[in-house]
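Observations on chain architecture
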Amino acid sequence: MSIDTLYLPFARSCRGRVTLPGSKSIANRALLLAALAHGETRLENMLLSEDTQRMREALELLGVSIQVIEEATSVRVQGNAGLFQKAQPETLFLGNAGTAMRPLAAILAGSTGDFTLTGEPRMYERPIGPQINALRQMGAAVEYLGDAGFPPLRIQGKPLTGGYIELDGSLSSQYVSAILMLLPLLTHDSELRLTGDIVSAPYINLTIAMMRSFGVEVSTQAVGHYSVRGGQQYQSPGVYWIEGDASSASYFLAAAAIGGGPVTVEGVGSASLQGDKAFAEVLAAMGADVTYHERSITVQAGMDLVGGDFDLNAIPDAAMTIATTVLFANGSTRIRNIYNWRLKETDRLHAMATELRKTGATVEEGEDFICITPPSELKHAQIATYDDHRMAMCFSLLTFAPCGVTIEDPECCRKTFPHYFALFQSLLKNAT
Ligand SMILES: O=C(O)C1=C[C@@H](OP(=O)(O)O)[C@@H](O)[C@H](O)C1
Ligand SMILES: C=C(OP(=O)(O)O)C(=O)O
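Residues numbered from 1 in each chain as written. Chains lettered and ligands numbered in written order. Predicted model: local features only at pLDDT ≥ 70, side-chain atom pairs only at ≥ 80, totals over all residues. Heavy atoms only, no water.

What about the overall build of the chain?
Counting secondary structure elements, the chain contains twelve helices and 24 strands. Taking 2.2 N^0.38 as the reference for a compact globule, 432 residues should give roughly 22 Å; the C-alpha atoms of the chain span a radius of gyration of 21 Å, in line with that estimate. Its C-alpha atoms give the chain principal-axis dimensions of about 65 × 50 × 45 Å. Taken over 432 residues, the chain has a buried fraction of 59%. Sequence-distant contacts in the chain: of pairs separated by 6 or more residues, those separated by 24 or more amount to 74%. On the chain, roughly 15700 Å² of surface is accessible, and the fraction owed to carbon and sulfur atoms is 48%. Of the charged side chains in the chain, 33 are positive and 45 negative; the average position of the first set lies 2 Å away from that of the second. (Helix = DSSP H or I, 4+ residues; strand = E, 2+ residues; numbered from the N terminus. Rg over C-alpha atoms; globule rule 2.2 N^0.38 Å. Buried < 20%, exposed > 50% of the residue type's maximum accessible area, 1.4 Å probe, protein only. Contact = heavy atoms within 4.5 Å. Areas by Shrake-Rupley, 256 points an atom, 1.4 Å probe, with all protein chains shown as cover. Lys, Arg positive; Asp, Glu negative; His and termini not counted. Charge placed at Lys NZ, Arg CZ, Asp CG, Glu CD.)

Below you can see the structure in the form of structure tokens.
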């Protein structure tokens, strides 16, 4: 079997401006909320990638009209004015898109119809049990078609009333976002209490902020305790602008910190709803020169980068970029509180440790942390990417190593950023 690879030769420096593609997290929430809303919504700066394609196709099968307009940068969604009703059984293929599987599992449990939710093999290894337990507390009929606690799922959707629900929020915030998006559409008021240590918390705030933009209120009573009034309706905001993707921004900002910059990413800034905008603060703590504008961020090299001890639970996706950035920093770095890296596109803690070692780095892989000490000279490495877009994108920073880097299966970045490598390379100045 031949493996497609991309060789990135040594790059001396990088500089420029990047207009970011739309945020995957916001795009998939916006598609779903627009589909549930009253009225037509025009979503601007739409991300066209594998994960949003999975959500779009699923919504279309559910009867929603989604029209791509203006050279594919905007879509027009005709709202369904509430939960879905399907007379025929439907099978929805959701690939490996957590932002499609988790929210749709909740919304369809309260819709009317017989739904089967399938995906790629890796999706069947990503737990969803805590969310299904929460739905079952409301009387939802969800059956595991494979291993208990994992997709594929058969959902016999029916009207649910809501009420008091407990949900274990220690593995994924996506379960919380999914349940929150369902609750206002139920007949009764609900109270949602999270148990366990809450992970990836900014994504929950993102969900609540977006629900508000679509006319629905969630009250946060205390950390992990929400009240939601039943009988609410999502309303189209008319036009909704999808911010640039803050996780995608991390590769360009890190490249600036390592390769000199300045690099400006446009589409995400201090006003962003996305937790991953805090990635640049970590770069600043490492010595980079960071300027936040309302809708853009600029980074250039400041002092020599230094490693540190970082709890990056709040920014699990951008945190992977720190793991490769620190190969260019002085001293060791510990990234803590990242157990759920193991539950994503691949076991990212193990994959990251394995591939970092190929560069000559000394790496300790803990159950929920990784400790990285760069070598005195980085070696050329051929990086396996495990069908994980972020493995491919964050190892592209090794282009600043003396012998460059080879990335296997670079096209796996189509999950969230199909044109990543062309854009990344356009900022680089090579040695020759
Ligand atoms: O809600 C979201 O849009 C996301 C939440 C995070 O997942 P977890 O909550 O599982 O950490 C993140 O890793 C994922 O890429 C997108
Ligand atoms: C974890 C990720 O994706 P998903 O939405 O499938 O969880 C990711 O994009 O890094």
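On we go.
A look at the domain arrangement of the chain
On domain assignment, one finds that the chain holds domain 1 (5–21 + 243–429) and domain 2 (24–224). Once you take the C-alpha centre of each, domain 1 and domain 2 turn out to be 29 Å apart. Contacts between the two partners involve 29 residues from domain 1, matched on the other side by 24 residues from domain 2. Summed over both partners, the interface of domain 1 with domain 2 buries about 2000 Å², with 49% contributed by carbon and sulfur atoms. Summed over the three residues of domain 1 that lose the most area to domain 2, namely L273, L343 and K415, the buried surface amounts to 29% of that side. Summed over the shared surface of domain 1 and domain 2, the number is two salt bridges. Where D51 meets K415, a salt bridge forms, and the shortest distance between an N and an O atom there is 2.8 Å. Inspection of the domain 1/domain 2 interface yields 13 residue pairs in polar contact (both at pLDDT 80 or more). A per-class count over the side of domain 1 that touches domain 2 returns nine nonpolar, eight polar and twelve charged. (Domains from an automatic or database assignment. Buried area = accessible area lost by both parts, 1.4 Å probe. Salt bridge = Lys/Arg side-chain N within 4 Å of Asp/Glu carboxyl O. Polar contact = N/O pair within 3.5 Å; in protein donor to acceptor, adjacent residues only side chain to side chain. Nonpolar A, V, L, I, M, F, W, Y, C, P; charged D, E, K, R; others polar.)

Notes on the side chain of D276
Among the structural elements, D276 can be located in the loop between β15 (260–266) and α8 (279–285). From its side chain, D276 meets the backbone nitrogen of A318 in a polar contact 3.4 Å long. Aside from chain neighbours lying at most four places away, what touches D276 is Y203, A246, S247, A314, I315, D317 and A318.

Some details on helix α3 (residues 98–109)
Over its twelve residues, α3 runs 17 Å from end to end, which matches the ideal 16 Å to within 8%, given 1.5 Å per residue. Most of α3 is tucked away: twelve of the twelve residues are buried. Three or more residues of α3 are buried, namely G98, T99, A100, M101, R102, P103, L104, A105, A106, I107, L108 and A109. (Expected span 1.5 Å × (residues − 1).)

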